[in-house]
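# Overview (structure and organization)
Below, each chain spelled out in residue letters.
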Amino acid sequence: MSINTTDRRLDARAPSRSEVRRRRRGVSHAPTGYLFVAPFMLVFLAMLVLPLVYAAYLSLFRERLIGGTVFAGLDNYTRALTDPRLLEGVGRVALFFLIQVPIMLVIALLAALAIDSGLLRMAKAFRLGIFLPYAVPSVVATLMWGYLYGPDFGPFAQVADRLGLAEPKFLSSDWMLGSLANIVTWEFTGYNMIILYAALRAVPHDLYEAAAVDGAGAIRTAWSIKIPALRPALLVCLIFSVIGSFQLFNEPWLMRALAPSVIDSGYTPNVYAYTQAFTGQEVNYGAAVSFSLGAVIVIASYAVLLITAMRSRS
(Lines give C-alpha, C1' and ligand atoms only; values in the text may rest on other atoms or scores of the structure.)
Protein backbone atom coordinates (compact mmCIF):
# COMPACT_ATOMS: atom_id res chain seq x y z
CA MET A 1 0.00 0.00 0.00
CA SER A 2 2.78 2.44 0.85
CA ILE A 3 4.59 1.80 -2.45
CA ASN A 4 1.45 2.43 -4.46
CA THR A 5 0.74 5.59 -2.50
CA THR A 6 4.29 6.85 -3.16
CA ASP A 7 3.95 6.12 -6.89
CA ARG A 8 0.70 8.05 -7.01
CA ARG A 9 2.32 11.02 -5.31
CA LEU A 10 5.22 10.96 -7.77
CA ASP A 11 2.79 10.71 -10.70
CA ALA A 12 0.86 13.66 -9.29
CA ARG A 13 4.03 15.72 -9.02
CA ALA A 14 5.28 14.74 -12.52
CA PRO A 15 4.42 17.38 -15.17
CA SER A 16 2.02 16.45 -17.87
CA ARG A 17 2.91 16.40 -21.56
CA SER A 18 1.15 19.71 -22.17
CA GLU A 19 3.17 21.33 -19.38
CA VAL A 20 6.43 19.99 -20.85
CA ARG A 21 5.50 21.42 -24.25
CA ARG A 22 4.71 24.79 -22.69
CA ARG A 23 8.05 24.84 -20.93
CA ARG A 24 9.88 23.95 -24.16
CA ARG A 25 8.04 26.70 -26.02
CA GLY A 26 8.93 29.13 -23.31
CA VAL A 27 12.67 28.49 -23.78
CA SER A 28 13.79 30.85 -26.56
CA HIS A 29 17.15 30.63 -28.28
CA ALA A 30 16.53 33.73 -30.38
CA PRO A 31 19.07 35.96 -28.55
CA THR A 32 21.83 33.41 -29.13
CA GLY A 33 20.93 33.15 -32.79
CA TYR A 34 21.02 36.93 -33.19
CA LEU A 35 24.49 37.01 -31.66
CA PHE A 36 25.78 34.56 -34.26
CA VAL A 37 24.15 36.47 -37.12
CA ALA A 38 25.14 39.94 -35.86
CA PRO A 39 28.71 40.04 -37.30
CA PHE A 40 27.47 39.19 -40.78
CA MET A 41 24.58 41.65 -40.56
CA LEU A 42 26.89 44.45 -39.44
CA VAL A 43 29.30 43.84 -42.31
CA PHE A 44 26.37 43.45 -44.74
CA LEU A 45 24.84 46.76 -43.65
CA ALA A 46 28.14 48.65 -43.59
CA MET A 47 29.58 47.32 -46.85
CA LEU A 48 26.48 46.87 -49.02
CA VAL A 49 23.24 48.40 -47.78
CA LEU A 50 24.56 51.76 -46.59
CA PRO A 51 26.71 52.37 -49.71
CA LEU A 52 23.71 51.52 -51.91
CA VAL A 53 21.47 53.91 -49.98
CA TYR A 54 24.09 56.65 -50.17
CA ALA A 55 24.61 56.06 -53.92
CA ALA A 56 20.84 56.22 -54.47
CA TYR A 57 20.81 59.51 -52.56
CA LEU A 58 23.65 60.92 -54.68
CA SER A 59 21.94 59.91 -57.92
CA LEU A 60 19.07 62.32 -57.17
CA PHE A 61 21.32 65.41 -57.08
CA ARG A 62 23.49 67.33 -59.50
CA GLU A 63 26.62 69.46 -59.11
CA ARG A 64 26.54 72.90 -60.72
CA LEU A 65 29.34 75.40 -61.13
CA ILE A 66 27.00 78.08 -59.92
CA GLY A 67 24.65 77.12 -57.13
CA GLY A 68 26.46 74.01 -55.89
CA THR A 69 24.55 70.79 -55.33
CA VAL A 70 20.89 70.95 -56.32
CA PHE A 71 18.12 68.37 -56.31
CA ALA A 72 17.73 66.88 -59.79
CA GLY A 73 15.11 64.20 -59.22
CA LEU A 74 15.19 61.66 -62.04
CA ASP A 75 17.07 63.91 -64.48
CA ASN A 76 20.27 61.86 -64.10
CA TYR A 77 18.36 58.68 -64.94
CA THR A 78 16.74 60.34 -67.94
CA ARG A 79 20.17 61.39 -69.13
CA ALA A 80 21.49 57.85 -68.63
CA LEU A 81 18.68 56.29 -70.66
CA THR A 82 19.44 58.60 -73.59
CA ASP A 83 23.25 58.59 -73.30
CA PRO A 84 24.59 57.13 -76.59
CA ARG A 85 27.91 56.05 -75.06
CA LEU A 86 26.18 54.17 -72.26
CA LEU A 87 23.73 52.52 -74.65
CA GLU A 88 26.63 51.52 -76.91
CA GLY A 89 28.41 49.95 -73.93
CA VAL A 90 25.27 48.04 -72.92
CA GLY A 91 24.91 46.73 -76.47
CA ARG A 92 28.56 45.68 -76.49
CA VAL A 93 28.31 43.67 -73.27
CA ALA A 94 25.05 42.14 -74.52
CA LEU A 95 26.92 40.95 -77.62
CA PHE A 96 29.71 39.74 -75.36
CA PHE A 97 27.17 37.74 -73.36
CA LEU A 98 25.61 36.15 -76.44
CA ILE A 99 29.00 35.02 -77.75
CA GLN A 100 31.02 34.20 -74.66
CA VAL A 101 28.52 32.59 -72.30
CA PRO A 102 27.29 29.76 -74.59
CA ILE A 103 30.88 28.79 -75.38
CA MET A 104 31.86 28.82 -71.72
CA LEU A 105 28.84 26.81 -70.57
CA VAL A 106 29.26 24.21 -73.31
CA ILE A 107 32.91 23.68 -72.34
CA ALA A 108 31.97 23.50 -68.64
CA LEU A 109 29.18 21.02 -69.42
CA LEU A 110 31.43 18.76 -71.48
CA ALA A 111 34.10 18.84 -68.78
CA ALA A 112 31.58 17.96 -66.05
CA LEU A 113 30.17 15.10 -68.12
CA ALA A 114 33.66 13.78 -68.86
CA ILE A 115 34.62 13.78 -65.18
CA ASP A 116 31.33 12.22 -64.09
CA SER A 117 31.51 9.47 -66.72
CA GLY A 118 34.30 7.68 -64.88
CA LEU A 119 36.05 6.98 -68.19
CA LEU A 120 38.50 9.87 -67.88
CA ARG A 121 41.97 9.04 -66.68
CA MET A 122 43.44 11.27 -63.98
CA ALA A 123 40.02 12.83 -63.44
CA LYS A 124 41.07 14.56 -60.22
CA ALA A 125 44.05 16.22 -61.90
CA PHE A 126 41.84 17.27 -64.81
CA ARG A 127 39.23 18.71 -62.46
CA LEU A 128 41.87 20.62 -60.52
CA GLY A 129 43.51 21.87 -63.70
CA ILE A 130 40.30 23.26 -65.19
CA PHE A 131 39.25 24.84 -61.89
CA LEU A 132 42.65 26.37 -61.11
CA PRO A 133 42.23 29.47 -63.35
CA TYR A 134 39.26 30.51 -61.21
CA ALA A 135 41.61 30.74 -58.23
CA VAL A 136 43.77 33.24 -60.14
CA PRO A 137 42.63 36.85 -59.48
CA SER A 138 41.11 38.50 -62.53
CA VAL A 139 43.74 41.25 -62.41
CA VAL A 140 46.57 38.71 -62.60
CA ALA A 141 44.80 36.74 -65.33
CA THR A 142 44.27 39.87 -67.44
CA LEU A 143 47.88 40.93 -67.06
CA MET A 144 49.04 37.45 -68.05
CA TRP A 145 46.84 37.32 -71.16
CA GLY A 146 47.79 40.90 -71.98
CA TYR A 147 51.39 39.76 -72.13
CA LEU A 148 50.43 36.85 -74.39
CA TYR A 149 48.44 39.20 -76.66
CA GLY A 150 51.26 41.76 -76.91
CA PRO A 151 52.10 42.60 -80.56
CA ASP A 152 55.77 43.33 -79.83
CA PHE A 153 56.81 41.07 -76.96
CA GLY A 154 54.03 38.48 -76.82
CA PRO A 155 54.87 34.84 -77.63
CA PHE A 156 52.09 34.60 -80.23
CA ALA A 157 53.57 37.52 -82.16
CA GLN A 158 57.08 36.09 -81.88
CA VAL A 159 55.99 32.67 -83.16
CA ALA A 160 54.17 34.30 -86.07
CA ASP A 161 57.27 36.33 -86.87
CA ARG A 162 59.48 33.22 -86.84
CA LEU A 163 57.08 31.48 -89.23
CA GLY A 164 56.94 34.51 -91.51
CA LEU A 165 53.25 35.10 -90.82
CA ALA A 166 51.43 38.29 -90.01
CA GLU A 167 51.17 38.91 -86.30
CA PRO A 168 47.71 38.26 -84.83
CA LYS A 169 45.94 41.48 -83.96
CA PHE A 170 44.44 40.42 -80.64
CA LEU A 171 44.28 44.03 -79.46
CA SER A 172 42.61 45.49 -82.54
CA SER A 173 39.05 46.81 -82.53
CA ASP A 174 37.82 43.77 -84.46
CA TRP A 175 39.46 41.22 -82.15
CA MET A 176 39.27 42.93 -78.76
CA LEU A 177 35.85 41.63 -77.74
CA GLY A 178 36.91 38.08 -78.60
CA SER A 179 40.16 38.53 -76.69
CA LEU A 180 38.26 39.63 -73.60
CA ALA A 181 35.83 36.74 -74.04
CA ASN A 182 38.76 34.34 -74.12
CA ILE A 183 40.09 35.71 -70.82
CA VAL A 184 36.70 35.46 -69.09
CA THR A 185 36.13 31.94 -70.47
CA TRP A 186 39.54 30.86 -69.19
CA GLU A 187 38.73 32.29 -65.76
CA PHE A 188 35.19 31.02 -65.16
CA THR A 189 34.83 27.74 -67.02
CA GLY A 190 36.11 25.81 -64.00
CA TYR A 191 33.71 27.60 -61.67
CA ASN A 192 30.70 26.61 -63.77
CA MET A 193 32.09 23.10 -64.21
CA ILE A 194 32.15 22.61 -60.42
CA ILE A 195 28.50 23.67 -60.15
CA LEU A 196 27.45 21.28 -62.92
CA TYR A 197 29.56 18.43 -61.59
CA ALA A 198 28.07 18.83 -58.10
CA ALA A 199 24.59 18.66 -59.66
CA LEU A 200 25.56 15.49 -61.51
CA ARG A 201 26.67 13.82 -58.29
CA ALA A 202 23.15 14.35 -56.92
CA VAL A 203 21.46 12.39 -59.72
CA PRO A 204 20.17 9.03 -58.39
CA HIS A 205 22.23 6.07 -59.61
CA ASP A 206 19.03 4.08 -60.10
CA LEU A 207 18.42 6.05 -63.28
CA TYR A 208 21.83 5.06 -64.63
CA GLU A 209 21.22 1.41 -63.78
CA ALA A 210 17.83 1.48 -65.51
CA ALA A 211 19.41 3.08 -68.57
CA ALA A 212 22.13 0.43 -68.63
CA VAL A 213 19.51 -2.32 -68.41
CA ASP A 214 17.72 -0.75 -71.40
CA GLY A 215 20.98 -0.84 -73.35
CA ALA A 216 21.72 2.89 -73.34
CA GLY A 217 25.34 3.84 -73.91
CA ALA A 218 27.32 6.65 -72.32
CA ILE A 219 26.28 9.25 -74.89
CA ARG A 220 22.61 8.27 -74.73
CA THR A 221 22.68 8.34 -70.91
CA ALA A 222 24.27 11.76 -70.90
CA TRP A 223 21.75 13.14 -73.40
CA SER A 224 18.59 11.62 -71.91
CA ILE A 225 19.35 11.60 -68.18
CA LYS A 226 22.28 13.79 -67.19
CA ILE A 227 21.65 16.90 -69.27
CA PRO A 228 17.91 17.12 -68.36
CA ALA A 229 18.87 16.73 -64.70
CA LEU A 230 21.30 19.65 -65.08
CA ARG A 231 18.69 22.20 -66.15
CA PRO A 232 18.40 23.88 -62.71
CA ALA A 233 22.20 24.04 -62.36
CA LEU A 234 22.56 25.40 -65.90
CA LEU A 235 19.99 28.06 -65.08
CA VAL A 236 22.02 29.09 -62.02
CA CYS A 237 25.18 29.31 -64.14
CA LEU A 238 23.30 31.33 -66.75
CA ILE A 239 22.02 33.84 -64.18
CA PHE A 240 25.51 34.24 -62.72
CA SER A 241 26.84 34.77 -66.24
CA VAL A 242 24.25 37.48 -66.94
CA ILE A 243 25.32 39.36 -63.82
CA GLY A 244 29.02 38.91 -64.54
CA SER A 245 28.80 39.91 -68.20
CA PHE A 246 26.99 43.19 -67.59
CA GLN A 247 29.36 43.99 -64.71
CA LEU A 248 32.46 43.46 -66.84
CA PHE A 249 35.15 45.82 -65.55
CA ASN A 250 38.57 44.43 -64.56
CA GLU A 251 39.46 42.88 -67.90
CA PRO A 252 38.67 45.88 -70.17
CA TRP A 253 40.02 48.36 -67.64
CA LEU A 254 43.44 46.67 -67.53
CA MET A 255 43.53 45.96 -71.27
CA ARG A 256 42.88 49.65 -71.83
CA ALA A 257 46.54 50.36 -71.07
CA LEU A 258 47.58 48.11 -73.98
CA ALA A 259 44.96 49.36 -76.44
CA PRO A 260 43.88 52.88 -75.41
CA SER A 261 42.59 53.65 -78.90
CA VAL A 262 40.27 50.62 -78.83
CA ILE A 263 38.98 50.58 -75.25
CA ASP A 264 37.68 54.02 -74.33
CA SER A 265 35.93 55.24 -71.22
CA GLY A 266 32.56 53.92 -72.46
CA TYR A 267 33.63 50.46 -73.58
CA THR A 268 31.48 48.78 -70.90
CA PRO A 269 28.83 50.31 -68.62
CA ASN A 270 30.88 49.67 -65.49
CA VAL A 271 33.95 51.33 -66.98
CA TYR A 272 31.76 54.25 -68.03
CA ALA A 273 30.27 54.65 -64.54
CA TYR A 274 33.73 54.51 -62.97
CA THR A 275 35.23 57.11 -65.30
CA GLN A 276 32.25 59.41 -64.88
CA ALA A 277 32.47 59.26 -61.09
CA PHE A 278 36.23 59.31 -60.49
CA THR A 279 37.74 60.80 -63.64
CA GLY A 280 35.02 63.11 -64.90
CA GLN A 281 34.09 64.16 -61.34
CA GLU A 282 30.40 63.49 -62.03
CA VAL A 283 29.71 61.38 -58.99
CA ASN A 284 25.96 61.94 -59.13
CA TYR A 285 25.66 60.88 -62.74
CA GLY A 286 27.98 57.91 -62.15
CA ALA A 287 25.67 56.73 -59.35
CA ALA A 288 22.67 57.02 -61.68
CA VAL A 289 24.51 55.03 -64.35
CA SER A 290 25.28 52.29 -61.81
CA PHE A 291 21.66 52.00 -60.72
CA SER A 292 20.49 52.01 -64.34
CA LEU A 293 22.91 49.16 -65.02
CA GLY A 294 21.49 47.31 -62.02
CA ALA A 295 18.01 47.67 -63.51
CA VAL A 296 19.29 46.27 -66.82
CA ILE A 297 20.77 43.26 -65.00
CA VAL A 298 17.49 42.62 -63.17
CA ILE A 299 15.51 42.82 -66.41
CA ALA A 300 17.94 40.53 -68.26
CA SER A 301 17.94 37.99 -65.43
CA TYR A 302 14.16 37.99 -65.26
CA ALA A 303 13.98 37.55 -69.04
CA VAL A 304 16.24 34.50 -68.79
CA LEU A 305 14.06 33.03 -66.04
CA LEU A 306 10.87 33.74 -68.00
CA ILE A 307 12.18 32.20 -71.22
CA THR A 308 13.41 29.13 -69.33
CA ALA A 309 10.06 28.69 -67.59
CA MET A 310 8.18 28.98 -70.89
CA ARG A 311 10.41 26.39 -72.54
CA SER A 312 10.05 23.97 -69.65
CA ARG A 313 6.25 24.20 -69.87
CA SER A 314 6.14 23.61 -73.62
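Above: the structure in question.
Residues numbered from 1 in each chain as written. Predicted model: local features only at pLDDT ≥ 70, side-chain atom pairs only at ≥ 80, totals over all residues. Heavy atoms only, no water.

## Structural notes on the overall build of the chain
- Looking only at helices and strands, the chain has 15 helices and 2 strands in total.
- Out of the 314 residues belonging to the chain, those deemed buried represent 33%.
- Long-range pairs, those at least 24 residues apart, make up 66% of the contacts in the chain between residues at least 6 apart in sequence.
- Surface exposure of the chain reaches about 20300 Å², of which carbon and sulfur atoms provide 66%. (Helix = DSSP H or I, 4+ residues; strand = E, 2+ residues; numbered from the N terminus. Buried < 20%, exposed > 50% of the residue type's maximum accessible area, 1.4 Å probe, protein only. Contact = heavy atoms within 4.5 Å. Areas by Shrake-Rupley, 256 points an atom, 1.4 Å probe, with all protein chains shown as cover.)

## A short note on the side chain of S179
- The residue S179 is located in helix α9 (residues 176-201) in this model.
- In this structure S179 comes out as buried when scored by relative accessible area, which is 3%.
- Apart from residues no more than four positions distant in its own chain, S179 is found in contact with Y149 and F170.

## Some thoughts on the packing of aromatic side chains
- Following the criterion strictly, the structure yields 19 aromatic pairs and no others.
- Look at F40 and F44: their rings are 5.7 Å apart centre to centre, the planes differ by 25 degrees, and that puts the pair in the stacked class. With F40 and F44 both in helix α3 (residues 30-58) and 4 residues apart, the pair spans about one turn of that helix.
- Under the relative-accessibility criterion, F40 is labelled exposed at 53%.
- For F44, a relative accessible area of 33% gives the class partly exposed.
- An aromatic cluster is defined as three or more aromatic residues linked by ring pairs; in this entry it consists of W145, Y149, F156, F170, W175 and W186.
- Across from the ring centre of Y267, 4.4 Å away, lies the NZ or CZ of R92, which sits over that ring. (Phe/Tyr/Trp six-rings, centres within 6.5 Å; stacked < 30°, edge-to-face > 60°. Lys NZ or Arg CZ within 6 Å of the ring centre and 35° of its normal.)

## What to know about the pattern of salt bridges
- Inspection of every chain in the model, using the stated rule, returns 6 salt bridges.
- For D75, the salt bridge is made with R62, and the minimal N-O distance between the two is 3.2 Å. Of this pair, D75 sits in helix α4 (residues 75-81) while R62 is found in strand β1 (residues 61-64), placing the two residues 13 residues apart along the sequence.
- One salt bridge in this structure joins D264 and R85, with 3.6 Å as the shortest N-O distance. One end of the pair, D264, is in the loop between α13 (250-255) and α14 (269-279); the other, R85, is in helix α5 (residues 84-117), with 179 residues separating them in the sequence.
- A residue is classified by how much of its surface remains accessible, and D264, at 36% relative accessible area, is partly exposed.
- A cluster of three or more residues bridged by salt bridges with shared partners is formed by D116, R201 and K226. (Salt bridge = Lys/Arg side-chain N within 4 Å of Asp/Glu carboxyl O.)

## What about the nonpolar core?
- Judged by nonpolar contacts, the single largest core of 28 residues is most densely connected at A112, M193, L196, V242 and F246.
- Broken down by secondary-structure element, the contributors of at least two residues to this core are α5, α9, α12 (231-246) and α15 (283-313).
- Sort the elements by how many residues they give to this core and α5 lands first, with 11 residues.
- Dropping the residues within four chain positions of it, V242 is found in contact with F97, I297, A300, S301 and V304.
- Core analysis: the second largest hydrophobic core is formed by 17 residues, L177, A181, V184 and V262 among them. (Core = buried A, V, L, I, M, F, W, Y, C linked by side-chain atoms within 4.5 Å.)

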